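Next come the chains, spelled out residue by residue.
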Protein chains: 4
Amino acid sequence: MSVDTLRLIVSSPDQPGIIAAVARFLHLRGASIVELDQYTSEPSGGQFYLRTEFTIAPERRAGLSDQFATAIAEPFGMRWRFSDARQVKRIAILASRADHCLVDLLWRWRRGELAADVTLVASNHPVLRDTVTGFGVPFHEVPVRPDARDAAEGTLADLLAGQCDLIVLARYMQILSGGFLEKVGVPVINIHHSFLPAFPGAGPYERARQRGVKLIGATAHYVTAALDEGPIIEQDVIRTSHRDTTATLVRLGADVERTVLARAVEWHCADRLLQYDNRVLVF
Amino acid sequence: MSVDTLRLIVSSPDQPGIIAAVARFLHLRGASIVELDQYTSEPSGGQFYLRTEFTIAPERRAGLSDQFATAIAEPFGMRWRFSDARQVKRIAILASRADHCLVDLLWRWRRGELAADVTLVASNHPVLRDTVTGFGVPFHEVPVRPDARDAAEGTLADLLAGQCDLIVLARYMQILSGGFLEKVGVPVINIHHSFLPAFPGAGPYERARQRGVKLIGATAHYVTAALDEGPIIEQDVIRTSHRDTTATLVRLGADVERTVLARAVEWHCADRLLQYDNRVLVF
Amino acid sequence: MSVDTLRLIVSSPDQPGIIAAVARFLHLRGASIVELDQYTSEPSGGQFYLRTEFTIAPERRAGLSDQFATAIAEPFGMRWRFSDARQVKRIAILASRADHCLVDLLWRWRRGELAADVTLVASNHPVLRDTVTGFGVPFHEVPVRPDARDAAEGTLADLLAGQCDLIVLARYMQILSGGFLEKVGVPVINIHHSFLPAFPGAGPYERARQRGVKLIGATAHYVTAALDEGPIIEQDVIRTSHRDTTATLVRLGADVERTVLARAVEWHCADRLLQYDNRVLVF
Amino acid sequence: MSVDTLRLIVSSPDQPGIIAAVARFLHLRGASIVELDQYTSEPSGGQFYLRTEFTIAPERRAGLSDQFATAIAEPFGMRWRFSDARQVKRIAILASRADHCLVDLLWRWRRGELAADVTLVASNHPVLRDTVTGFGVPFHEVPVRPDARDAAEGTLADLLAGQCDLIVLARYMQILSGGFLEKVGVPVINIHHSFLPAFPGAGPYERARQRGVKLIGATAHYVTAALDEGPIIEQDVIRTSHRDTTATLVRLGADVERTVLARAVEWHCADRLLQYDNRVLVF
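Residues numbered from 1 in each chain as written. Chains lettered and ligands numbered in written order. Predicted model: local features only at pLDDT ≥ 70, side-chain atom pairs only at ≥ 80, totals over all residues. Heavy atoms only, no water.

Identification of chain A as Formyltetrahydrofolate deformylase from Micromonospora antibiotica is taken from an unreviewed UniProt entry. Turning to chain A, the UniProt annotation filed under Catalytic activity (unreviewed entry) states: "(6R)-10-formyltetrahydrofolate + H2O = (6S)-5,6,7,8-tetrahydrofolate + formate + H(+)". (UniProt positions renumbered as here; feature names shortened; annotations may be inferred.)

See the structure below:
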């Protein structure tokens, strides 16, 4: 007897009885909870977050979402969504010249480590074309001329709209406008070196070396229009010493960047990331 | 309006509806769930584990445990216990000559980092007496003569019986018998270097140095009679290099040992550790 | 036959032959090199740094320093110093109310882990008096009133002048002036949380929590008058999650702070730290 | 004016004056020391190890090696070799079915992170052929039939002999005999999971999960005939929890394995690894 695996993600103002109501709703429809995790932001009067993964017979799925809306979501004032574990997310990757994050994602995808489909790669440079097509993934060059940024962004948005559930900026070195984010309408994950706000702008590794830092790192975050930095998904660091040249720091940084970005993408694809204010809960 | 904070720890054969039943039970008695975490060992036919922390009005606590037993625990075949967050656990620490784990625990306890009372320290050596009494904790010397191990263990068991909810072996260098464990009847947490089974017996750090290991570490575990090593609670490592002498390795090892032991004790005192076969779930 | 262990620390403009000259000088005086480490800041035209530890018969030490000055240091334009491993550094610790860094240093000192003497502790608060005197170390309260900062700093400088070779700020919450640093005339090591420059000012842990950071850390550095932050000696981090309250972050931060500060002090006392521009070389 | 970069690796019984003699020898031939690191195994009567990197004018290189042999190496009883930084090592990689270590090495090589040439890949399975040839590297299938192991090993040795300066076992699942090691005559680096000796044989990750370990890791080591495990080059770990399935452990293990192996190969190619008894010094 085959079963489907679904996920339910919920947030709402905290109040007693939410878990009981959700768990009972699922149980009465024959679902079997495999995982359930929750978080309450404050002891009282806070915000409530829940992620649960459950199995259910295919024939019991009809109307599940509507019934949940009426019986549970509305009374509790929830934001919520169901997600089918088998319907993997479609990922579009944007890159520039650096290949470390891009190749690491493509390679994990080919190994089956990402529960996702990489549907296309777009870049403002042609250099990574062969690398990408070698993985059997379509490559689109969308050049960005300084005097025609808006047009390029429009081309990119047209290319992406409706083609992906997630956009990953794998060291894509162009700034994206709020209008672009709105137009594509899907979450965007970015990776940057973790010196920010310490060394903004050009040459962060050279400046980190001059400052004599003992750790370098990387931060993966969701991209938002209103803020310089969106909500942090994951961070990690690696040790350095005075013997490391700037070139070595860049290489060590590349290793941390690809590891951190891969974790962020993996968690997003498994519906493990919930946003709360400007924070990300990792469930 | 004051509330009490309680914890409920449950394990049972997995079956649909457990979370719904537990959450509904608590909700109907006016409890408000603050934290809930669960684990299912296998997709189907496995073992189910749950820890939840909830607040409840003091006047609603009467009969809670009995009602839970009848309404929930028996039908589901659960092992379970309630625990009151305010009734902190009483800890007895056994030590020998080394002070690093002992002092770290006493110091965290004095800072209020451990939700526990350290009620006594016992040692087979007198050297740590002043250290212990300086913290205002009673110190008992229980010498262990090679020809009178059983008698010493009996003295120790008499001293501890009923006086503590947890025994911590903070580098206590005597082996404890199954009979002792049974007599004291409370969990026992031990810390050892993490080379096992690689370097059993005497001089593990010297042998690790000769082997040229690049990491040394520590493991905290529950003590059991039947097995050489009981269930692992926590592990960590620290880097070493060929420049480290054996003395340096011992010192680095001391730093890892005290960190790992402190985490294990803290988690135990917060009722975050559940045993499953020979494994420990950290909730 | 007893030998003395000395260290020689050298910096100079880089040029060929420095190591040959230094090593030959030591060899001709019967010294035996135990450790030698060097660093050249640039492939050519950079700055040269060397630390060597050597043993020498006591009767061969007479005039060593003068001969080195004439034969080696002057021709190469070196800055240099010899240091006797047996003449351990005298440390004065400044603290405020928080005890975690202070106690960790005192405890390592008592265990013999620091090749140093802790000669006194001074604080602008009386709360740590018993803790300090319990270690057999003199405690001086030097209150700092907002309207009499200069006077307090003068009192502190008088207390410290000539009494120590190193001042450690173990969470001392007062700013020290350039004049103070000049007057005491010894290196000063400080520890701060590693969010800087991200979360300067009050409440860094609360703000880190609101920002949803996934790592918190600590930085030990030398204190300088001219710069907001002096040269970095050591840094480390620890993972956090959304489940950690601000109080938990503060506690985790305390653990990283004391670890990082202890390493920095240990390295300084072993003459392993060389300053180069605004960087620290760890040898 | 162009210069050559050479490395000199030395080991000998410890005695005073070695560094002076080596440094002076190089200085008198116009060499300029860029890096020099040394290690003495014991305060007295131990073994001495030195690695130095220096630049020298091409026209001063003639006879360097012969002169060093006569003037320095023989009097001190040294084992020694010069190595030219521009003559990168030729690497042959052996793999089976798993691609994670292999692809990581090929990818780092293509990015220019390894100062080495990957000259060929051989495997006992055909599955990785396209992956390897996609990098422009020759792929050789050398099947190993249970009844013809010696023949297969002979074929492999013939293929490799004289074609490489280093053999890397990138999850090559066949045991190599002492005779093979002797015939190929170059160093061999292997990677294995770091549970050894804890979980030898089949299914180490499943058994680690059943044991409830909190860390998994990897060890890179030189392969020797006489010992089960050769000298350890590098080790690292990654955290796991009870939520990780065996499949997740295998994937986390793959990430640690490829990181650790890449570091070991990089250090070997930079002549940073010296063997001392059964230990490896990382300079």
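Once the structure has been displayed, the description carries forward.
Asks: I tried to follow the overall build of chain A on my own but got confused; where do I start?
Replies: Scanning chain A from N- to C-terminus turns up eight helices and 13 strands. In terms of overall dimensions, chain A has C-alpha extents of about 60 × 40 × 35 Å along its principal axes. A buried classification covers 57% of the 283 residues belonging to chain A. Contacts in chain A between residues far apart in sequence, at least 24 positions, make up 66% of those at least 6 positions apart. Where the 31 positive side-chain charges of chain A centre and where its 33 negative ones centre are 5 Å apart. (Helix = DSSP H or I, 4+ residues; strand = E, 2+ residues; numbered from the N terminus. Buried < 20%, exposed > 50% of the residue type's maximum accessible area, 1.4 Å probe, protein only. Contact = heavy atoms within 4.5 Å. Lys, Arg positive; Asp, Glu negative; His and termini not counted. Charge placed at Lys NZ, Arg CZ, Asp CG, Glu CD.)

Asks: Quick question: what am I supposed to make of the UniProt feature "domain: ACT" (unreviewed entry) in chain A here?
Replies: According to UniProt, the positions carrying the feature "domain: ACT" (unreviewed entry) are residues 7-90 of chain A. A helix fraction of 29% and a strand fraction of 40% characterise residues 7-90 of chain A, whose end C-alpha atoms lie 17 Å from each other.

Asks: Help me out: how do you make sense of unusual backbone geometry in this one?
Replies: Excluding glycine, residues mostly have negative phi values, and the peptide bonds linking residues are mostly trans. In this structure, R171 of chain C is a non-glycine residue whose phi angle is positive, near 65 degrees. For R171 of chain C, a relative accessible area of 16% corresponds to the buried category. Its identity is not glycine, yet D271 of chain D carries a phi of approximately 55 degrees, on the positive side. Structurally, D271 of chain D can be placed in the loop between α8 (246-269) and β12 (273-276). Judged by relative accessible area, which is 2%, D271 of chain D ranks as buried.

Asks: Mind showing me how you'd approach the sheet that holds strand β6 (residues 116-123) of chain B here?
Replies: Pairing between the strands of a sheet comes from backbone hydrogen bonds, and it takes one of two forms, parallel or antiparallel. Residue and element names in this part refer to chain B. Here seven strands make up an open sheet; going across it, the order is β7-β6-β5-β8-β9-β10-β11 and the pairing mixed. The open sheet has two free edges, formed respectively by β7 (139-141) and β11 (232-239), since each of these has just one partner strand. Strand-to-strand twist across the sheet, computed as the mean angle between neighbouring axes with direction ignored, equals 20 degrees. Note: strand β8 (residues 166-169) against strand β9 (residues 188-193), three bridges, orientation parallel. Residue L169 lies in a different strand from β9, and its bridge partner there is N190. Relative to the sheet, helix α8 (residues 246-269) contacts β5 (89-95), β6, β8, β9, β10 (215-222) and β11, its axis offset from that of β11 by approximately 150 degrees. (Pairing = 2+ DSSP bridges. Axes fitted to C-alpha atoms, helices over the stretch in contact; angles between N-to-C directions.)

Asks: Looking at this structure, how should I read the relation of the copies chain C and chain A?
Replies: Both copies of the chain are related by a screw-like operation: a rotation about an axis and a shift along it. Note on the copies: chain C fits chain A at an RMSD of 0.0 Å, the axial shift is 0.0 Å, and the rotation between them is 180 degrees. Within this description, the copies of the chain are treated as partners about a two-fold rotation axis. The overlap is high: 100% of the interface residues of chain C also sit at the interface in chain A, so the same surface is used on both sides. (Least-squares fit on C-alpha atoms with pLDDT ≥ 70 in both.)

Asks: Would you explain the relation of the copies chain C and chain B in this entry?
Replies: The two copies are related by a screw operation: chain C maps onto chain B through 180 degrees of rotation and 0.0 Å of translation along the axis, at an RMSD of 0.1 Å. Counting the interface residues of chain C, we find that 100% of their copies in chain B are interface residues as well, pointing to one common contact surface.

Asks: How should I be thinking about the domain arrangement of chain A in this particular structure?
Replies: Interface size is often expressed as the accessible area that is lost when the parts come together. Residues and elements named next belong to chain A. Under the domain assignment used here, chain A contains domain 1 (4-84) and domain 2 (89-282). Its C-alpha centre places domain 1 at a distance of 32 Å from the equivalent point of domain 2. On the side of domain 2, 10 residues touch domain 1, which itself brings 13 residues to the contact. The salt bridge partner of D271 is R81, with a shortest N-O separation of 3.2 Å. Here domain 1 is connected to domain 2 by seven residue pairs in polar contact (both at pLDDT 80 or more). Those elements that place two or more of their residues in the side of domain 1 that touches domain 2 are β1 (4-13), β2 (32-40), β3 (47-56) and β4 (79-84). Per-element accounting of the side of domain 1 that touches domain 2 gives the leading share, four residues, to β3. (Domains from an automatic or database assignment. Salt bridge = Lys/Arg side-chain N within 4 Å of Asp/Glu carboxyl O. Polar contact = N/O pair within 3.5 Å; in protein donor to acceptor, adjacent residues only side chain to side chain.)

Asks: Can you help me understand the pattern of salt bridges in this one?
Replies: Side-chain pairs of opposite charge can arise whenever the charged atoms involved come near each other. Under the criterion given, the structure shown has 113 salt bridges over all chains. Of the charged contacts in the structure, one is a salt bridge between R263 of chain B and D236 of chain B, with a shortest N-O distance of 3.2 Å. In this pair, R263 of chain B is assigned in helix α8 and D236 of chain B in strand β11, connecting sequence segments 27 residues apart. Of the residues examined, R263 of chain B reaches a relative accessible area of 21% and is grouped as partly exposed. Where D271 of chain D meets K89 of chain D, a salt bridge forms, and the shortest distance between an N and an O atom there is 3.1 Å. Of the two residues, D271 of chain D sits in the loop between α8 and β12 while K89 of chain D sits in strand β5 (residues 89-95), which places them 182 residues apart along the sequence. K89 of chain D sits in the buried class, given a relative accessible area of 13%.

Asks: Can you help me understand the interface of chain C and chain B in this one?
Replies: Taken together, the contact between chain C and chain B spans 15 residues of the former and 15 residues of the latter. Buried area between chain C and chain B, summed over both chains or domains, comes out near 1500 Å², and the portion from carbon and sulfur atoms is 36%. Here chain C is connected to chain B by eight salt bridges. Across the pair R251 of chain B and E266 of chain C runs a salt bridge whose closest N-O atoms are separated by 2.4 Å. Counting every contact that joins chain C to chain B gives eight residue pairs in polar contact (both at pLDDT 80 or more). Here the element with the most residues in the side of chain C that touches chain B is helix α3 (residues 100-110) of chain C; it accounts for six residues. The class makeup of the residues in the side of chain C that touches chain B is three nonpolar, two polar and 10 charged. (Buried area = accessible area lost by both parts, 1.4 Å probe. Nonpolar A, V, L, I, M, F, W, Y, C, P; charged D, E, K, R; others polar.)

Asks: Any chance you could explain the interface of chain C and chain A here in plain terms?
Replies: At the interface, 32 residues of chain C touch 32 residues of chain A. Across the interface of chain C and chain A, roughly 2700 Å² is buried in total on both sides, 44% from carbon and sulfur atoms. The interface formed by chain C and chain A contains five salt bridges. The salt bridge involving R239 of chain A is made with E234 of chain C; its shortest N-O contact spans 2.6 Å. Inspection of the region where chain C meets chain A yields 20 residue pairs in polar contact (both at pLDDT 80 or more). Sorting the residues of the side of chain C that touches chain A by element identifies β2 (32-40), α7 (204-211), β11 (232-239) and β13 (279-282) of chain C as the ones contributing at least two each. At seven residues, the largest contribution of residues to the side of chain C that touches chain A is made by β11 of chain C. Here the residues of the side of chain C that touches chain A are counted per class, giving 13 nonpolar, seven polar and 12 charged.

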